[in-house]
Amino acid sequence: EHREAADSAKQAVAEAGAAITEGEGNLATLEQELKVALAAQAELPAATEALGKTASARTAVDELKSARQTVGGAERSLRSAEQDRSGAEEASEDERDKETLDLAGRLARDSLVEGEPCPVCGSEDHPAPAASPKRRKATALEDAEVALSETVEAEGIAKGDLRGARRALTKAENGFGRLEMGEPPGDLVPLVKEVAAQQKEAESRVGPLRKSAGTAAGLGKQVDTARKGLQDLRDQRAEEEAEATNN
C-alpha cells in the first residue's frame, strides 16, 4: 500500500511537470504574440500618419489633374462658342444686306415709274432697278439676330465657365504646393501612378498593424491568466513533490 501511494505520488509529480512544460510553451507563445501586438501599437501612429500623407498627396494630384482637364475642356468650349458667335455675326450681317436688297427690290417693284424720279435717288432713268433676293424667308433677318443673340449668350457662359475652371485650377495648384513636392510636371500621369502606389503600400502596412495592435488588450489578459495558471501548476507540483517525499 505504501509503495502504491509512492508510485501514485510520483505519477502526480510527473503529470504536474508535463502540465507545467505545456503551460510554459503556451505562455511563451502568448508572450511572443503580445510582444508583436505591442510593437504594432508602437508603429501604428507613424504608419497611420504616413498613410494620411500619401492619401493627401493622391487627392491633391488627382484634383490637379482633374482641374487641368476641366480648364482644357472649358477652353475648347469657349473656342467653339467664339466660332459660333463669329459665324452668327457673319450670317446676321449677310441677312442685313439681303434685307436692304429686298427693301430696294420692293421699292423698285412698287414705286419706280419710267420717266418719274426715283423716291430714293431722284433719277428719272432706271436702267438697273434692284431686285429682291429669291426664295428668302420673311423672318430671315429676325431669325439670324436671334441666333446671334443666343451665340453671344453662350459665349458669355463659356467665358464664365472658364474663369471658374481657372480659379479651381489655382486652388488645386496651391493644394499641390503645400505638399512640398516641387513644381507639378506637365504630364501628371506618371505622378498619379506613383502616389497611388505609395498609398497602396501604406494601406498594406497599416491594415496588418491595426489588426495586430487590436489584439494587444486581449493578449495581455491571456498572458496574465496563463502566468497565474502556470504558477498554480508549479505550486501544485511542489505539493505533489512534498507528498512523494513523505511517502
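Now for a description of the structure that goes with this document. Think of each chain on its own: its residues are numbered from 1, step by step along the sequence as written. It should be noted that, the model being predicted, local features are given only for residues of pLDDT at least 70 and side-chain atom pairs only at 80 or more, the latter also being counted only at that level, while totals for whole chains, interfaces and linings use all residues. Where side-chain values are given, they derive from all heavy atoms of the structure, hydrogens and water being excluded.

Focus on the overall build of the protein
Item 1. Here a helix means four or more residues in a row that DSSP labels H or I, a strand means two or more in a row labelled E, and each is numbered from the N terminus. Scanning the protein from N- to C-terminus turns up 4 helices and 0 strands.
Item 2. For the protein, the N- to C-terminal ordering of α and β elements is α-α-α-α.
Item 3. Think of it in three bands: with a 1.4 Å probe and only protein chains considered, a residue is buried below 20% of the maximum accessible area for its type, exposed above 50%, and partly exposed in between. The buried share among the 247 residues of the protein stands at 28%.
Item 4. About 16500 Å² of surface is accessible on the protein, with carbon and sulfur atoms providing 51% of the total. For accessible areas, the Shrake-Rupley method is used with a probe of radius 1.4 Å. Any residue's cover is judged against the shown protein chains and nothing else.

Notes on the environment of Glu31
Item 1. Along the chain, Glu31 turns up in helix α1 (residues 2–111).
Item 2. Note: C-alpha distance between Glu31 and Leu219 (188 residues apart in sequence) is 8.0 Å.

Notes on the nonpolar core
Item 1. In this structure, Val61, Leu64 and Leu191 are the most contacted members of the largest nonpolar core, which totals 18 residues.
Item 2. Contributing elements (two or more residues each) for this core: α1, α2 (140–177) and α3 (189–213).
Item 3. The element contributing the most residues to this core is α1, with 8 residues.
Item 4. The criterion used for residue contact is that any of the two residues' heavy atoms lie within 4.5 Å. The contact partners of Val61, leaving out residues within four places of it in the chain, are Phe176, Leu188, Leu191, Val192 and Val195.
Item 5. Only buried residues count toward a nonpolar core, which is a set of Ala, Val, Leu, Ile, Met, Phe, Trp, Tyr and Cys residues joined through side-chain atoms within 4.5 Å. Judged by nonpolar contacts, the second largest core, of 10 residues, contains Leu27, Leu30, Ala216 and Leu230.

Thoughts on the side chain of Ser212
Item 1. By the element assignment, Ser212 lies in helix α3.
Item 2. When neighbours within four sequence positions are excluded, Ser212 is seen to be in contact with Val36, Ala37 and Ala40.

Section: α3
Item 1. Taking 1.5 Å of rise per residue, the 25 residues of α3 would be expected to cover 36 Å, and the 36 Å separating its terminal C-alpha atoms lies within 8% of that figure.
Item 2. Restricting attention to buried positions, one finds in α3 the residues Leu191, Val192, Val195, Ala196, Gln199, Ala202, Val206, Leu209, Ser212 and Ala213. The length a helix should cover is 1.5 Å for every residue beyond the first.

Things to note about the pattern of salt bridges
Item 1. Each salt bridge in this description consists of a side-chain nitrogen of Lys or Arg and a carboxyl oxygen of Asp or Glu lying within 4 Å of one another. Applying the stated rule across the entire model yields 15 salt bridges.
Item 2. With its nearest N and O atoms 3.6 Å apart, the salt bridge here joins Glu43 to Arg205. You can see Glu43 sitting in helix α1 and its partner Arg205 sitting in helix α3, a full 162 residues away along the chain.
Item 3. Residue class for Arg205 comes out partly exposed when judged on its relative accessible area of 43%.
Item 4. For the salt bridge of Glu49 with Lys53, the shortest nitrogen-to-oxygen distance reads 3.7 Å. With Glu49 and Lys53 both in helix α1 and 4 residues apart, the pair spans about one turn of that helix.

Details of the side chain of Gln199
Item 1. Here Gln199 shows up in helix α3.
Item 2. Discounting chain neighbours no more than four positions away, the residues touching Gln199 are Leu51, Thr54, Ala55 and Arg58.

Describing helix α4 (residues 216–246)
Item 1. Compared with the 45 Å implied by 1.5 Å per residue over 31 residues, the 45 Å span of α4 between its first and last C-alpha is a close match.
Item 2. Burial in α4 covers these residues: Ala216, Leu219, Gly220, Val223, Ala226, Leu230 and Glu240.

Some remarks on the environment of Pro45
Item 1. Along the chain, Pro45 falls in helix α1.
Item 2. With relative accessibility at 53%, the residue Pro45 sits in the exposed group.
Item 3. Taking the C-alpha atoms as reference, Pro45 lies 9.8 Å from Leu209; in sequence the two are 164 residues apart.

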